[in-house]
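What follows is each chain in one-letter form.
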Amino acid sequence: MDKFKPLMEAHEFHDKLLEGRLTRRQAHAVLASAGVGTAAMATGAGSARADGTNVMMLTWGGYDDPAFASEYAAEFGSPPSYSLFADQAEALAKIRAGFDADVAFPCISKIQTWNDAGVIAPMDLSMLSHWDELLPALTTLPTANTPDGAPLFAPIDWGQTSVLFRADLAPEYVDNQTWGILWDEKYAGRLGAIEAVEDHYNIAAIYMGIDFLDMNQEEIQLVGDKLREQIPLLRMVTGDTTSLTQALFSGELIATSAWNGMMLTASQEMEQQGTQGQYVWMKPKEGALTWVCGLTISPTTKDRGTWEQAHALINAYLAADSQNYELTNWGYGVANAKAYDGVSEEYLTSIGLGLPVEDFLADGAFSAHQQHYGEIVNLYDEILAGM
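Residues numbered from 1 in each chain as written. Predicted model: local features only at pLDDT ≥ 70, side-chain atom pairs only at ≥ 80, totals over all residues. Heavy atoms only, no water.

Student: Residue-level account of the overall build of the protein, with values.
Tutor: Per the secondary structure count, the protein includes 16 helices and 11 strands. Out of the 387 residues belonging to the protein, those deemed buried represent 56%. Sequence separation of 24 or more characterises 73% of the internal contacts of the protein that already satisfy a separation of 6 or more. Per element, the accessible surface of the protein, about 16200 Å² overall, is 50% carbon and sulfur. (Helix = DSSP H or I, 4+ residues; strand = E, 2+ residues; numbered from the N terminus. Buried < 20%, exposed > 50% of the residue type's maximum accessible area, 1.4 Å probe, protein only. Contact = heavy atoms within 4.5 Å. Areas by Shrake-Rupley, 256 points an atom, 1.4 Å probe, with all protein chains shown as cover.)

Here it is in structure tokens:
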């Protein structure tokens, strides 16, 4: 048998994963070199916690903004600790590897998977004073609660994944709004995509008219083939939405998949430059992707003595002031009804949002629990590795 040098020694892999120094794609590459997958990783006892008593949140980049946790910091005298992830598969892998996160920030589409993995616990509503201020449509989503009604998921934000494009450079798509622009060979080398399996892969399924929530084996491969067809056309595939937006502004990109916050930035750019209409948020005829994301609490917080603090942190993110900050500065829909006071319908429409939230979510392909998710993650990584 041929011997090979592993990409990384086991102790080095474990340490780097816990410290947030590995992306999901790097983690998969190391695991694949050892002949195992993410699902095979054992839960360890390590911790990257900087302070043994402080609450640790595992979250998307940017959600460590102090404005989100100001209520928590006022109560406890300092902000929580944070560790960042690029997508939800990476986050779950990190927790399974032993990372001690008290609070995490997945989306509703992964709650069943995380609950089955035993990494989330029901919350105590008596500790969440802002819960009754939330939009009921978001607290009653499928998989959000236990069978007896205890919440597993505290909704924070919601929105769309769609296309943001340069109307001045691709005028033919102004009246023909379709995901097909991201497969248009005419714009090869000037297209972008958000690097997240829940967005990138599922967008290809929507474009093909395939229900991404429950695909058979043939459909999974067909969608994978559609992505392989697209990859040579893309200039950028990244989770860094700032880079994607700036590339649009410079003309390096003509179109990219996008979240609502990118449209807010584009709207501000048009206002500053006097170029209204230059950047367009699509309403794809095949349907946009809609989503809801929020917070979960770890069952290990009781053992660590952080149960109450973890609830206080979740409560801070649910507060109207925190939620209004996200709505008006980040451009995402939020869960707290009070956060919309003084916010115009015109503003919501300008960034691709709309109320009532239940109608908005139903108007697109909603990102709910997805069958065969692990297989799809592995296929997506394989496709990106071939770039």
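Student: Explain the pairing of strand S9 (residues 289-297) residue by residue, including any values.
Tutor: For S9, the tally of buried residues reaches 9 of 9 residues, placing the bulk of the element in the interior. By the bridge criterion, 2 bridges tie strand S3 (residues 103-104) to S9 in an arrangement that is antiparallel. Across the sheet, residue Val103 finds its bridge partner in S9, namely Ile297. Where strand S4 (residues 154-166) meets S9, 7 bridges bridge the pair, whose relative direction is antiparallel. (Pairing = 2+ DSSP bridges.)

Student: Could you give me a rundown of the packing of aromatic side chains, with the residues and numbers involved?
Tutor: Across all of its chains, the model carries 12 aromatic pairs by this definition. Linked through ring pairs, Tyr63, Phe68, Phe105, Tyr317, Tyr325 and Trp330 together constitute an aromatic cluster. The ring of Phe99 carries the charged tip of Lys94 above its face, separated from the ring centre by 4.6 Å. (Phe/Tyr/Trp six-rings, centres within 6.5 Å; stacked < 30°, edge-to-face > 60°. Lys NZ or Arg CZ within 6 Å of the ring centre and 35° of its normal.)

Student: Lay out the layout of surface pockets with the relevant residues and their values.
Tutor: Considering only enclosed or pocket space, the largest pocket measures out at about 890 Å³ in volume. Taken together, 43 residues line the largest pocket, and the ones lying closest to its centre are Trp60, Gly239, Thr241, Trp259 and Tyr332. Elements supplying a minimum of two residues to the lining of the largest pocket: helix H2 (24-33), strand S2 (81-85), helix H4 (88-96), S4, helix H7 (197-208), helix H9 (241-250), helix H10 (260-273) and S9. Residue contributions to the lining of the largest pocket peak at 5 residues, all from H10. The residue makeup of the lining of the largest pocket, split by class, is 17 nonpolar, 17 polar and 9 charged. Roughly 440 Å³ of volume is contained in the second largest pocket. Lining the second largest pocket are 22 residues, and of these Gln160, Trp281, Met282, Lys283 and Gly352 sit closest to its centre. Only H10, strand S8 (279-281), helix H14 (345-350) and helix H15 (357-362) provide two or more residues apiece to the lining of the second largest pocket. (1 Å grid on protein atoms, 1.4 Å probe; cavity = no way out; pocket = protein on both sides within 12 Å on 5 of 7 lines; lining within 4 Å. Points joined across faces, edges and corners; volume = space filled by probe spheres on them. Nonpolar A, V, L, I, M, F, W, Y, C, P; charged D, E, K, R; others polar.)

Student: Can you break down the nonpolar core residue by residue, with the values?
Tutor: Trp158, Leu295 and Ile314 are the most contacted members of the largest nonpolar core, which totals 84 residues. Broken down by element, the residue count for this core peaks at 8 residues, all from helix H12 (residues 307-318). Formed by 41 residues, the second largest nonpolar core is a distinct cluster that contains Leu227, Leu233, Val237 and Leu379. (Core = buried A, V, L, I, M, F, W, Y, C linked by side-chain atoms within 4.5 Å.)

Student: Help me get a handle on the pattern of salt bridges, residues and values and all.
Tutor: All told, the structure shown has 10 salt bridges when counted by the stated rule. In this structure, Arg304 and Asp100 form a salt bridge, with 3.4 Å as the shortest nitrogen-oxygen distance. Taken together, the residues Arg304 in helix H11 (residues 301-304) and Asp100 in the loop between H4 and S3 connect sequence positions 204 residues apart. Residue Lys186 is joined to Glu172 by a salt bridge in which the shortest nitrogen-to-oxygen separation is 3.3 Å. (Salt bridge = Lys/Arg side-chain N within 4 Å of Asp/Glu carboxyl O.)

Student: Describe helix H16 (residues 373-385), listing the residues and the values that go with them.
Tutor: Here H16 spans 18 Å end to end across 13 residues, near enough to the 18 Å set by a 1.5 Å rise per residue. Along H16, the residues that are buried comprise Tyr373, Ile376, Val377, Leu379, Tyr380, Asp381, Ile383 and Leu384. (Expected span 1.5 Å × (residues − 1).)

Student: Explain helix H13 (residues 320-329) to me, and be specific about the residues and the numbers.
Tutor: Of the residues making up H13, those classed as buried are Ala320, Ser322, Gln323, Glu326 and Leu327. For H13, the buried positions fall inside an angular range of 165 degrees around the axis, keeping them on one side. Tucked inside the fold, the buried residues of H13 contact S4, H12, strand S10 (333-334) and H14. A positive backbone phi angle near 85 degrees is found at Gly331, which sits one or two residues after H13. (Arc of directions from axis to C-beta.)

Student: Give me the lowdown on the environment of Val334, citing residues and values where you can.
Tutor: For Val334, the location among the structural elements is in strand S10. Of the residues examined, Val334 reaches a relative accessible area of 0% and is grouped as buried.

Student: Go over the packing of H7 against helix H8 (residues 217-230) with me, naming the residues and quoting the values.
Tutor: Two numbers describe how H7 lies on H8: the axes approach to 9 Å, and their chain directions differ by 105 degrees. When the axis of H7 is compared with that of H8, the two are roughly perpendicular. Within the contact between the two elements, H7 uses His200, Tyr201, Ala204, Ala205, Tyr207 and Met208 and H8 uses Glu219, Ile220, Leu222, Val223, Gly224, Lys226, Leu227 and Gln230. Its residues placed into classes, the contact of H7 with H8 shows 9 nonpolar, 3 polar and 2 charged. (Axes fitted to C-alpha atoms, helices over the stretch in contact; angles between N-to-C directions. Parallel < 35°, antiparallel > 145°, perpendicular 65-115°, else oblique.)

Student: Which residues make up the state of the cysteines, and what values go with them?
Tutor: A complete count under the given rule lists 1 disulfide for this structure. Two residues share a disulfide in this structure: Cys107 and Cys293, whose sulfurs sit 1.8 Å from each other. Since a negative S-S torsion denotes a left-handed disulfide, the Cys107-Cys293 link at about 70 degrees is right-handed. Pair noted here: Cys107 is in the loop between S3 and helix H5 (111-116) and Cys293 is in strand S9, with a separation of 186 residues, a long-range link. The burial state of Cys107 is the same as that of Cys293; both residues are buried. (Disulfide = S-S within 2.5 Å.)

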